[in-house]
Amino acid sequence: MSAAELSSQAGRKPLRIWPGIAIVVLQWLARFVMPVVAPDTMQYGVIAGLLGGVAVVSWWLFFSRAPWSERLGGLALMAVALVTGSMLIHESVATGMMGMMFPLYAIPVLSLAFVAWAVLGRELTGGTRWLAMAVAILAACWGWALVKTGGFTADLDHDFAWRWSRTAEDRLLAEAADEPVASSEAVVEGHVGSAPVWSGFRGPKRDGVVPGVRIATDWSTQPPEELWRRPIGPGWSSFAVDGSWIYTQEQRGEEEVVSCYHAETGEPVWMHRDEARFWESNGGAGPRSTPTLHKGRVYTLGGTGILNALDARDGSVIWSRNAAEDTAMPVPMWGFSGSPLIFDPPTEAPEVDGPASDEAAADQGADGEFADFESPGDESAGGGLVIVAASGALVAYDLDTGEQRWVGPSAGEGYSSPHLVEIDGITQVLQLNGDGLVSVSPIDGELLWQHDQSGYPIVQPAMTPDGDVLISVDDRGGLHRISPQLGSDGWTVEKGWTTIGLKPYSSDFVVHKGHAYGFDGNIMSCVDLKDGERKWKGGRYGLGQLVLLPDQDLMVVVTEKGKLTLVRATPDSFDEVASIDLFKGKTWNHPVLVDDLLLIRNGEQMVAFRLALKGN
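Residues numbered from 1 in each chain as written. Predicted model: local features only at pLDDT ≥ 70, side-chain atom pairs only at ≥ 80, totals over all residues. Heavy atoms only, no water.

## Thoughts on the pairing of strand 17 (residues 404-407)
Line of reasoning, step 1. When strand 16 (residues 393-398) meets strand 17, the two strands line up antiparallel, connected through three bridges. Counterpart to Tyr 397 in the pairing with strand 17 is Gln 404. (Pairing = 2+ DSSP bridges. Helix = DSSP H or I, 4+ residues; strand = E, 2+ residues; numbered from the N terminus.)

## Some thoughts on unusual backbone geometry
Line of reasoning, step 1. In the Ramachandran plot, Asp 424 falls in the positive-phi region, its phi being about 50° despite a non-glycine side chain.
Line of reasoning, step 2. Overall, the relative accessible area of 47% leaves Asp 424 in the partly exposed class.
Line of reasoning, step 3. Residue Lys 513 is not a glycine yet carries a positive backbone phi of 50°.
Line of reasoning, step 4. You can see Lys 513 is positioned in the loop between strand 26 (510-512) and strand 27 (515-520). (Buried < 20%, exposed > 50% of the residue type's maximum accessible area, 1.4 Å probe, protein only.)

## Here's the deal with helix 6 (residues 101-120)
Line of reasoning, step 1. Along its 20 residues, helix 6 runs 29 Å from first to last C-alpha, staying within 8% of the 28 Å computed at 1.5 Å per residue.
Line of reasoning, step 2. Most of helix 6 sits out of view: 14 of its 20 residues are buried. (Expected span 1.5 Å × (residues − 1).)

## Quick look at the packing of aromatic side chains
Line of reasoning, step 1. Within the structure shown, the criterion is met by 20 aromatic pairs.
Line of reasoning, step 2. Ring plane angle 40° and centroid distance 5.3 Å describe the contact between Phe 114 and Trp 117, whose orientation is recorded as tilted. Of this pair, Phe 114 and Trp 117 are both found in helix 6, three residues apart, which corresponds to roughly one turn of the helix. One exposure class covers both Phe 114 and Trp 117, and it is buried.
Line of reasoning, step 3. Through successive ring pairs, a cluster of aromatic residues spans Trp 59, Trp 60, Phe 114 and Trp 117.
Line of reasoning, step 4. Here the basic side chain of Arg 31 rests over the ring of Tyr 105, its NZ or CZ set 5.0 Å away from the ring centre.
Line of reasoning, step 5. Directly above the aromatic system of Trp 588 lies the positively charged group of Lys 586, at a separation of 4.2 Å from the ring centroid. (Phe/Tyr/Trp six-rings, centres within 6.5 Å; stacked < 30°, edge-to-face > 60°. Lys NZ or Arg CZ within 6 Å of the ring centre and 35° of its normal.)

## Here's the deal with the nonpolar core
Line of reasoning, step 1. Core analysis: the largest hydrophobic core is formed by 34 residues, its most contacted members being Leu 549 and Leu 599.
Line of reasoning, step 2. Broken down by secondary-structure element, the contributors of at least two residues to this core are strand 30 (545-549), strand 31 (554-558), strand 32 (563-568), strand 34 (592-594), strand 35 (597-601) and strand 36 (605-610).
Line of reasoning, step 3. Other than its neighbours up to four places away in sequence, Leu 549 contacts Val 210, Val 213, Ile 215, Leu 554, Val 556 and Leu 593. (Core = buried A, V, L, I, M, F, W, Y, C linked by side-chain atoms within 4.5 Å. Contact = heavy atoms within 4.5 Å.)

## Let's talk about the layout of surface pockets
Line of reasoning, step 1. Roughly 1,500 Å³ of internal volume is contained in the largest pocket.
Line of reasoning, step 2. In this structure, the largest pocket is lined by 50 residues; those nearest its centre are Phe 152, Asp 475, Tyr 505, Ser 506 and Leu 543.
Line of reasoning, step 3. Of all elements in the fold, only helix 3 (42-63) and helix 5 (91-99) reach the threshold of two or more residues within the lining of the largest pocket.
Line of reasoning, step 4. Looking at the lining of the largest pocket, the element that brings in the most residues is helix 3, giving six residues.
Line of reasoning, step 5. When the residues that make up the lining of the largest pocket are grouped by side-chain class, the tally is 22 nonpolar, 17 polar and 11 charged.
Line of reasoning, step 6. Estimates place the volume of the second largest pocket at around 940 Å³.
Line of reasoning, step 7. In terms of lining residues, the second largest pocket is bounded by 41 residues, among which Thr 149, Gly 150, Asp 159, Thr 167 and Glu 604 are the most central.
Line of reasoning, step 8. Elements supplying a minimum of two residues to the lining of the second largest pocket: helix 5, strand 1 (147-152), strand 2 (158-162), helix 8 (168-175), strand 8 (279-280) and strand 9 (284-285). (1 Å grid on protein atoms, 1.4 Å probe; cavity = no way out; pocket = protein on both sides within 12 Å on 5 of 7 lines; lining within 4 Å. Points joined across faces, edges and corners; volume = space filled by probe spheres on them. Nonpolar A, V, L, I, M, F, W, Y, C, P; charged D, E, K, R; others polar.)

What follows is the structure, given as structure tokens:
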């Protein structure tokens, strides 16, 4: 060290380090520790991570006592590292969390690295000190170029992996060439065809209710029996079940696949492939909707808008359309997610959700037609429709020909599925979208009524026993009760209570005996339908899904982290009855229970269990 340097150093006050250390400790506690202890504080932790970065910059610039050359040089190097780092990172990191993932993770790491350099490099001088600063800053930002992410969870944790590592989809594609396919004889013998027992998304009424089933709950003596387990392509579809066949959707490379498997063995029966791939960083690749079965056909909507009508026996194409092109609607941020809805009343009554849905068939008359249904004027078109959500608009197609029949009113994008209900004796289709809830006539798509409630809705609406509607449109606003009524002057909609005691966002909820049960963020909750008052909260299950066994006051819950759990559907208190591990991967898919057969999947595996029935 030269004499000039020694003289300059001797006259300089030492660095004021303690504010930087305090800032980083508080920043990391708020960003990474506090959300683990109190999951509801995650959003505040994310904000604290960014504010901590601003505080570190303020400390260094105004209170650190560092030479001005280091103060300004350090900040300039941080800016360059963040900008160049954003150019080097993997697409999944660059687009994750709506494009905010890189700064949200890099800024806390950069803050820690910079303060660590300031502490450990106090004795360094000259070029060595500047080099150490550059290494710390660049490593904290450019290091993110070495990783990719498979998406996020309820805790905003990300499935990080090395950028060059193979995904579960890569491994599946490598093994797919050896995948057996059932013989044509087995195909014919295994198919039932005319009366699907689980016709599609969340069951026949789309309410997640499984009546008439009672299962053994002492899993220490009668645990679920695993029938089979096999890899599957990514996607957030659930299952439709018809006899001994099950149907789902998945992604395999650049092909979007509708697949049929044997329920008892898990062996593939047939696969239909389309050249399409939807991918976004938060959820990953693959279709988001669930197949719908009807009269020997399977109707599917892909992530980019491809609508297929396939023969359920062999997967052959009956007709195919593209809902995005037909409606000139762009593919929404999280893909086309709504499952197709069948409206075919002339020959059989569609199952609807409503205040008396269990007795709906009896109320509709011997021929199964709804009182308000009239066939469209075009006799050649037939009466049956398949209705899908094309981003913010509903569009209906002829069941037999695929001819477009109507397009409903356009609205903000949403990810919920069309929902058939009966209110005040009128059959109608409810659809949650970015602007709120709309109700349209299934015959011609004409608007009946609407309720404004902006957000990004994902979950299904639900009916109360007295005909009101429960909706949730985001992860903050809570659950809303509204009352649509038909009067002499038309439809009116009154707003009832709103509760933040239950805030379902991407996890659907169920209604049972005067209460609603579901996920308040990532914790289960129960609220009273009378006033929305929360009765209990418990069980950190992430963005899980559930089905209700009403005859047993029991919910079968699949947690986001891949556990299978039984929870009592009673308002007295939270009561977890049993639990077993299923998967290691993130699980957002809805479970399916048909008699004693339980089907569960995620984006990597699917598994079938045989449950012991109550009394057996």
